[in-house]
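# Coordinates in review
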Amino acid sequence: MNRRDFLLGTAASAGALGAGGWSLASAAAAQRLTIQPASFAFRNTPTRGLVSLSPDAPPPVLFGTQGEPMNLRVENGTEDYTAMHWHGLRIANAMDGVPYLTQMPIAGGESFDYTFTPPDAGTYWYHPHCMTMAQMAHGLTGVMVIREAEDPGFDGDQVVNLRDFRLDDAGAFLPYYTARGAARGGTHGNVLTANWLQAPVYDHPAGGLVRLRVVNSDTTRIYKLHLSTDQARIIAWDGHPAEIELPLPSAKEPLLVGPGQRVDFAVQMPAGEEQTADLLAELPGQPTRTMAQLRSVGAGLARDLRELKPLPANPVARPDLANAEVHDFVFGWTPEGGPPNDGYCGSMGYSFWSINRTPWAGDAAKGTGPLAVLERGKSYVLRLRNESPNLHPIHLHGLAFVPIRSNLRKLPPLVTDTLLLLKDEVVEIALVADNPGDWAFHCHVIEHQKTGLAGYIRVV
Ligand code: C2O
Ligand code: CU
Ligand code: CU
């Protein structure tokens, strides 16, 4: 059995084989994703009222290849409206999945065909953008792996989708948002999961090199992460290859990964069988929590982190800072305004937040114009100012950007789609407006997004 056969045989990477039928979508046939009610036992008793793509499992990892077409038919098997968004993929605006802005909501029993060709390789994810709070809180968040055109040479690939659920002792859902939370840091879940499991263990070849793809798809929590091993490197951030060497996080200085953000580590598996490399989280007032473990199995491969070539850069245009026009955005409280109007996509009934004093109506774009109009092909600097005492992971659809300056810290110039804006922080980000359309621009703490901290940017 050669190394790759061995890998594909482990439970951890079974998805990569396509045996489940999810990952072998040919370019021609549409892969069908049916949003449907689900139940799953997070603890001893099954939790009902989940929303997933199968009746009893988390939304699967979807696989694509950079530069190759994908064809995903999203069917709505629920009675609520929905629409699916592909977070971080720089694709055509009509495929972006934002209700009213790029498409009409998908009603129960209806479907929508999403066809696109991912220009970038890396770790991305998908989630609904209509009934966003309800459907995400009830489970509908999944990971998308867009493979490099050329295999980067890992011995294993492990996706870890971090997300919390708010459950009572009997396993039933507690209210998934609170007005108190929405007006502050958001409402946190109390059952912390990785791929819907608590501290799962995944087997990988001893001494091998594993690509650990960590996705924070939670609606609220900013994860503070580190690893139990120092035989690791950060190789990508928010999908895109890290072009500079980043310090490995530690218990004292964990990596802040906000909702919507991703980090890819290259991990060298311990040489001894049964030894583990762990993904750890620091939680307020609690001992360090193990989120997931990679366990060494087999005879030992004796690979070395230094054997890895850097991942090839994605084709993201570099902004011309000398000629970039500056636009200002203030993230703060909402002014007194009309009642929230959210079309068919689920109002939370409050308006607490705003961008540039304009609250957006939840998922629905009706009634407000763009926050900025950018000219296609030009470079821009967006100056993001946080007027609130809370942290906000600010996400822009359809375009990749680079942070260039903060008033509080030295930000590495990593290509991203989501920036965690700290309390009292002003960050300048730069981009080339090279993808035409109306692109949602919002906080990824969904309770903030749905109570006003949202808007859109138009590229013409
Ligand atoms: Cu990940 Cu507008 O979203
Ligand atoms: Cu997005
Ligand atoms: Cu926020």
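Residues numbered from 1 in each chain as written. Chains lettered and ligands numbered in written order. Predicted model: local features only at pLDDT ≥ 70, side-chain atom pairs only at ≥ 80, totals over all residues. Heavy atoms only, no water.

## Overview of the overall build of the protein
Regarding its fold elements, the protein presents five helices and 29 strands. Compactness check: the protein gives a C-alpha radius of gyration of 21 Å against a globular reference of 23 Å for 460 residues, within 12% of the reference. With the C-alpha coordinates of the protein rotated into their principal frame, the extents come out at 65 × 55 × 50 Å. The proportion of buried residues among the 460 residues of the protein is 58%. Here the contacts in the protein between residues at least 6 apart in sequence split such that 75% fall between residues at least 24 apart. Total accessible area on the protein is roughly 17,800 Å²; 52% of this is exposed by carbon and sulfur atoms. (Helix = DSSP H or I, 4+ residues; strand = E, 2+ residues; numbered from the N terminus. Rg over C-alpha atoms; globule rule 2.2 N^0.38 Å. Buried < 20%, exposed > 50% of the residue type's maximum accessible area, 1.4 Å probe, protein only. Contact = heavy atoms within 4.5 Å. Areas by Shrake-Rupley, 256 points an atom, 1.4 Å probe, with all protein chains shown as cover.)

## Details of the environment of Ala182
For Ala182, the position within the fold is in helix H4 (residues 179–182). Ala182 gets classed as buried once you look at its relative accessible area, which sits at 0%. When the C-alpha positions of Ala182 and Glu447 are compared, they lie 4.9 Å apart, and in sequence the two are 265 residues distant. Ignoring anything within four residues of it in the chain, the contact list for Ala182 reads Thr187, Met348, Phe352, Trp353, Glu447, His448 and Thr451.

## Observations concerning the nonpolar core
In terms of nonpolar packing, the biggest core is built from 42 residues, with Phe329, Phe331, Leu384, Leu431 and Phe441 touching the most fellow members. Beyond its immediate chain neighbours, meaning those up to four positions away, Leu384 contacts Phe329, Phe331, Ile394, Leu419, Leu421, Glu425, Val426, Val427, Ile429 and Phe441. Membership of the second largest hydrophobic core comes to 30 residues, among which are Val160, Leu212, Trp237 and Leu283. (Core = buried A, V, L, I, M, F, W, Y, C linked by side-chain atoms within 4.5 Å.)

## A look at the sheet that holds strand S7 (residues 122–128)
As summarised here, the arrangement of the four strands in space is S3-S8-S7-S5, forming an open sheet in which the pairing is mixed. Every other strand in the sheet has two partners, leaving strand S3 (62–65) and strand S5 (84–87) as the edge strands with one partner each. In this sheet, neighbouring strand axes are inclined to one another by 25 degrees on average, regardless of whether the strands run parallel or antiparallel. The sheet contact formed by S5 and S7 spans four bridges and is antiparallel. Bridged to Trp86 within S7 is Tyr126. (Pairing = 2+ DSSP bridges. Axes fitted to C-alpha atoms, helices over the stretch in contact; angles between N-to-C directions.)

## What about the coordination of the copper ion (ligand 2)?
Tetrahedral coordination by four donors places them ideally at 109.5 degrees to one another around the metal; octahedral coordination by six donors ideally gives 90 or 180 degrees. Only His85 (NE2) and His395 (NE2) from the protein coordinate the copper ion (ligand 2), and they sit 1.9 Å from it. Note that His85 is positioned in strand S5 and His395 in strand S24 (residues 392–396), a separation of 310 residues in sequence. Given a relative accessible area of 1%, His85 falls into the buried group. (Donors = N, O, S within 2.8 Å, 3.2 Å for Na, K, Ca; no water.)

## A word on the pattern of salt bridges
Taken as a whole and assessed by the stated rule, the structure comprises 24 salt bridges. For Arg211, the salt bridge is made with Glu148, and the minimal N-O distance between the two is 3.1 Å. Of the two residues, Arg211 sits in strand S12 (residues 209–216) while Glu148 sits in the loop between strand S8 (142–147) and strand S9 (156–165), which places them 63 residues apart along the sequence. We classify Arg211 as buried; its relative accessible area is 1%. Measuring nitrogen to oxygen at the nearest pair gives 3.7 Å for the salt bridge that ties Asp264 to Arg213. (Salt bridge = Lys/Arg side-chain N within 4 Å of Asp/Glu carboxyl O.)

## Topic: the confidence of the model for the protein
Chain-level pLDDT for the protein is 92 on average; 92% of the residues reach the 70-or-more range. In the predicted structure, residues 1–27 sits below a pLDDT of 50 and forms 45 contacts with residues beyond four places in sequence or in another chain. (pLDDT = per-residue confidence, 0-100.)

## A look at the sheet that holds strand S4 (residues 70–76)
Two strands in a sheet stick together by hydrogen bonds in their backbones, pointing the same way (parallel) or opposite ways (antiparallel). Strands sit in the order S2-S1-S4-S6 across an open sheet of four strands; the sheet is mixed. Both outer strands of the open sheet, strand S2 (47–52) and strand S6 (111–116), are each paired with one neighbouring strand and no more. With strand direction ignored, the average angle separating the axes of adjacent strands in the sheet is 25 degrees. Pairing between strand S1 (residues 31–40) and S2: four bridges, direction antiparallel. Along S2, the bridge assignment pairs Gln36 with Ser52.

## Some thoughts on unusual backbone geometry
Positive phi, normally seen in glycine, also occurs at Asn195, with a value near 55 degrees. Tracing the chain through its elements places Asn195 in the loop between strand S10 (191–194) and strand S11 (201–205). Of the residues examined, Asn195 reaches a relative accessible area of 17% and is grouped as buried. Unusually for a residue other than glycine, Ala302 sits at a positive phi of about 50 degrees. Within the fold, Ala302 resides in the loop between strand S19 (289–297) and strand S20 (325–333). With relative accessibility at 66%, the residue Ala302 sits in the exposed group.

## Remarks on the state of the cysteines
In this structure the tally under the stated criterion is one disulfide. Each sulfur in the disulfide pair Cys130 and Cys345 lies 2.0 Å from the other. The sign of the S-S torsion, about -100 degrees, decides the handedness of the disulfide formed by Cys130 and Cys345: left-handed. One end of the pair, Cys130, is in the loop between S7 and helix H3 (132–137); the other, Cys345, is in the loop between S20 and strand S21 (353–355), and 215 residues separate them in sequence. Residue Cys130 shares its accessibility class with Cys345, and that shared class is buried. (Disulfide = S-S within 2.5 Å.)

## As for the environment of Thr418
Mapped onto the secondary structure, Thr418 falls in strand S26 (residues 418–421). Linking Thr418 and Lys309, residues 109 residues apart in sequence, is a C-alpha distance of 26 Å. Beyond its immediate sequence surroundings of up to four residues, Thr418 is in contact with His87, Asp238, Pro259, Gly260, Gln261, Arg262, Pro393, Ile394, His395 and Phe401. A polar contact of 3.2 Å, which involves the side chain of Thr418, links it to the side chain of His395. (Polar contact = N/O pair within 3.5 Å; in protein donor to acceptor, adjacent residues only side chain to side chain.)

## Things to note about the pairing of strand S28 (residues 437–443)
Across the seven residues that make up S28, a large majority, seven, are buried. Summarising the sheet, S24 and S28 pair through three bridges and their orientation is antiparallel. Paired with His395 across the strands is His442, a residue of S28. Where S28 lies against strand S29 (residues 454–459), six bridges are found, and the strand directions are antiparallel. The partner of Phe441 across the bridge, within S29, is Gly455.

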